[in-house]
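Listed here are the chains, written in short residue letters.
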Amino acid sequence: MSFPTLVEPAEIPPEANSKSSQPFDADNFNEVVMSTYGRFPLALERGSGCRVWDTQGKEYLDFVAGIATCTLGHAHPAMVEAVTKNIQKLHHVSNLYYIPEQGELAKWIIDHSCADRVFFCNSGAEANEAAIKLARKYAHTVLEIANPIILTAHASFHGRTLATITATGQPKYQKNFDPLVPGFHYVPYNDIAAVEAAVTELDEGNYRVGAILIEPLQGEGGVRPGDVTYFQKLRQICDEIGILLMFDEVQVGMGRSGKLWGYEHLGVEPDVFTSAKGLGGGIPIGAMMTKKFCDVFQPGDHASTFGGNPFVCGVALSVCQTLEKENILENVQEQGAHLREGLKMIARKYGQHIAEVRGWGLINGMEIKAESPLTAPDFVKAAIDQGLLLVPAGPKVVRFVPPLIVTDTEINQALQAVEKVLAKLTA
Ligand SMILES: *Cc1c(COP(=O)(O)O)cnc(C)c1O
């Protein structure tokens, strides 16, 4: 088989591709695309590494990476090659047949985690839906609970389907979408007494806790790392009463934290965990992994038409292999520490406005003080003017989630832009 010659994206001059001299027409766009998003006034057209260009040719340093997704940045040669190769071979056949690429990707995940089996789907919400269904079936068939309850945390985020907005412990995502899915109960994050109380108090009649679904580090909820002792106690409670401990690794997993999985920071292994965002480096794919409880789902219990097609699995496998081959986790640890150090220095200088800098690896948050008039969306808007893309994690936290291949120079440039933003906003 022959492939077209690969174009090295870094060699294309920034001007070569940007032909639109007219500003992007947002009004026309809004006439045809449903307005479910509050978008920043920016239309992006091209990317290379940690940089992207808008329709007018202006360059930005991308510290959003498609919301913690483009782990290898933009137009990475390994991804360009994998996409080209896989689309030419076979892209979709459905799960009526065996898909060798699915087996290879599952094998890679199992070899690099505590998992024993993998189910493939297309997004984070779908991966969590699969976990919720699996937990319910386990509760009914093994624990014999007629009405199983899944505990989740305040300020969590698990997706936008009906079941996953219900699992999400933030009322703003649920408003006007009731009746919600029954069977969820919320507890404060990193508070073990609340979990112990819920497990005891909810044990009545046909109702009992059947699983806990939780993020090792809360992403959307403000970049809040889990406590080691809290997670170890969660593991202990789940083992004692035989319920499932399920981790939502959709944002923190696949190397973003400096370890491949967020749970590796906490010294505990889950029974079930989910992945999506970084798994395909920006190609839509989701996965649910189980340890031990491999035969809860039987043929016919769960399915997806697109889930794990040859194309996405082939590309995701090459993303996984590239992470490994290029020692990218080491870069995440090194540049993550560099970024946090720099942000902490800036935070000290602007101590009136900045409360805290926290995170793991290359998922970091800078929290603005409650009493400061600054907000995260204002900060992000001002950063766009400085050529730096950032994303809020709630109203008062600015999130930094660059591609995992980010360099020393790029971190320094981002830090300079952050300083400029703060100088401007506080002038
Ligand atoms: C983004 C996210 C989801 C939802 O993923 P989608 O692909 O948007 O459905 C679920 N859980 C966490 C922790 C996330 O960050």
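A few points on the structure. These numbers were taken from a predicted model, which means no experiment stands behind them.

1. A word on the sheet that holds strand β13 (residues 354–360)
Pairing is antiparallel in the open sheet, where four strands are placed in the order β13-β14-β17-β16. With partners counted over all chains shown, the strands left at the sheet margins are β13 and β16 (391–392), one partner each. Of the pairings in the sheet, the one linking β16 to strand β17 (residues 397–400) comprises two bridges and is antiparallel in character. Its bridge partner being in β17, P392 is matched across the sheet by V398.

2. Remarks on the pattern of salt bridges
What the rule picks out here adds up to 13 salt bridges. One salt bridge in this structure joins E220 and R399, with 2.7 Å as the shortest N-O distance. Of this pair, E220 sits in the loop between β8 (217–218) and β9 (224–225) while R399 sits in strand β17, and the two are 179 residues apart along the sequence. Each member of the pair, E220 as well as R399, is classed as buried. With a closest N to O distance of 2.9 Å, E419 and K349 form a salt bridge. Pair noted here: E419 is in helix α13 (residues 408–425) and K349 is in helix α11 (residues 328–349), with a separation of 70 residues, a long-range link. By relative accessible area, which is 29% here, E419 ends up partly exposed. A single salt-bridge network, built from bridges that share partners, covers R51, E59 and E410.

3. Regarding the site of the ligand
Every residue near the ligand is listed here: S123, G124, A125, N128, F157, H158, G159, E215, D248, V250, Q251 and K277. In this structure, an oxygen atom belonging to the ligand sits 2.8 Å away from a main-chain N or O atom of G124. The side chain of Q251 places a nitrogen or oxygen atom 2.7 Å from an oxygen atom of the ligand. Protein chains shield 81% of the accessible area of the ligand, which is 390 Å² for the free molecule. Its residues assigned to classes, the shell around the ligand comprises three nonpolar, six polar and three charged.

4. Remarks on the packing of aromatic side chains
How two aromatic rings sit relative to each other is given by the distance of their centres and the angle of their planes. Under the defined criterion, the tally for this structure stands at nine aromatic pairs. Where F231 meets F247, the ring centres are 5.4 Å apart and the plane angle is 70°; that geometry is what we call edge-to-face. Taken as a pair, F231 in helix α9 (residues 228–241) and F247 in strand β10 (residues 244–248) lie far apart in primary sequence, 16 residues in all. Each member of the aromatic cluster is reached from another via a ring pair, and the members are Y189, Y230, F231 and F247. The ring centre of W53 lies 4.2 Å from the NZ or CZ of R46, which sits over that ring.

5. A short note on the environment of F306
Its location among the elements puts F306 in the loop between β12 (286–290) and α10 (310–325). Taking the C-alpha atoms as reference, F306 lies 6.3 Å from S94; in sequence the two are 212 residues apart. Beyond its immediate chain neighbours, meaning those up to four positions away, F306 contacts H92 and N122.

6. Notes on helix α12 (residues 376–385)
What α12 keeps buried is the set A376, F379, V380, A382, A383 and I384. On its buried side, α12 packs onto β3 (59–62), β14 (363–368), β15 (388–389), β16, β17 and α13. At the C-terminal side of α12, G387 shows a positive phi close to 80°.

7. With respect to unusual backbone geometry
A cis amide bond links D178 to the next residue, P179, at an omega of 5°. In this fold, P179 is placed in the loop between α7 (162–167) and β6 (184–187). Its identity as a non-glycine residue notwithstanding, N176 has a phi of 70°, on the positive side. Within the fold, N176 resides in the loop between α7 and β6.

About the thresholds
- Along each chain, residues carry numbers from 1 onward, in the same order as the chain's sequence is written.
- Reporting of local features is limited, given that this is a predicted model, to residues whose pLDDT is at least 70; pairs of side-chain atoms are given and counted only at 80 or more, and all residues count toward the totals for whole chains, interfaces and linings.
- Side-chain descriptors were evaluated using all non-hydrogen atoms of the structure, hydrogens and water having been removed beforehand.
- In this analysis, strands are considered paired if DSSP registers two or more bridges between them.
- Strands here mean DSSP runs of E at least two residues long; helices mean DSSP runs of H or I at least four residues long; both are numbered from the N terminus.
- Salt bridges are identified by distance alone: a Lys or Arg side-chain nitrogen within 4 Å of an Asp or Glu carboxyl oxygen.
- Throughout this description, buried means an accessible area under 20% of the type-specific maximum (1.4 Å probe, protein chains only), exposed means over 50%, and partly exposed covers the range between.
- For this purpose, a residue is taken to be near a molecule or strand whenever a single non-hydrogen atom of the residue falls within 4 Å of it.
- Any pair of N or O atoms that falls within 3.5 Å is considered a polar contact. Within protein, one atom must be able to donate a hydrogen and the other to accept it, and sequence-neighbouring residues count only if both atoms are side-chain atoms.
- Using the Shrake-Rupley algorithm and a 1.4 Å probe, accessible areas are obtained, with residue cover drawn only from the displayed protein chains.
- Under the convention adopted here, Pro, Cys and the residues Ala, Val, Leu, Ile, Met, Phe, Trp and Tyr are nonpolar, Asp, Glu, Lys and Arg are charged, and Gly plus all remaining residues are polar.
- Each pair of aromatic rings taken from Phe, Tyr and Trp, with Trp reduced to its six-membered ring, is defined by centres within 6.5 Å and is described as stacked if the planes are under 30 degrees apart, edge-to-face if over 60, and tilted in the remaining cases.
- Consider the ring centre and the ring normal. A charge sits over the ring if Lys NZ or Arg CZ is within 6 Å of that centre and within 35 degrees of that normal.
- The contact definition used throughout considers only heavy atoms, calling two residues in contact when any of these lie within 4.5 Å.

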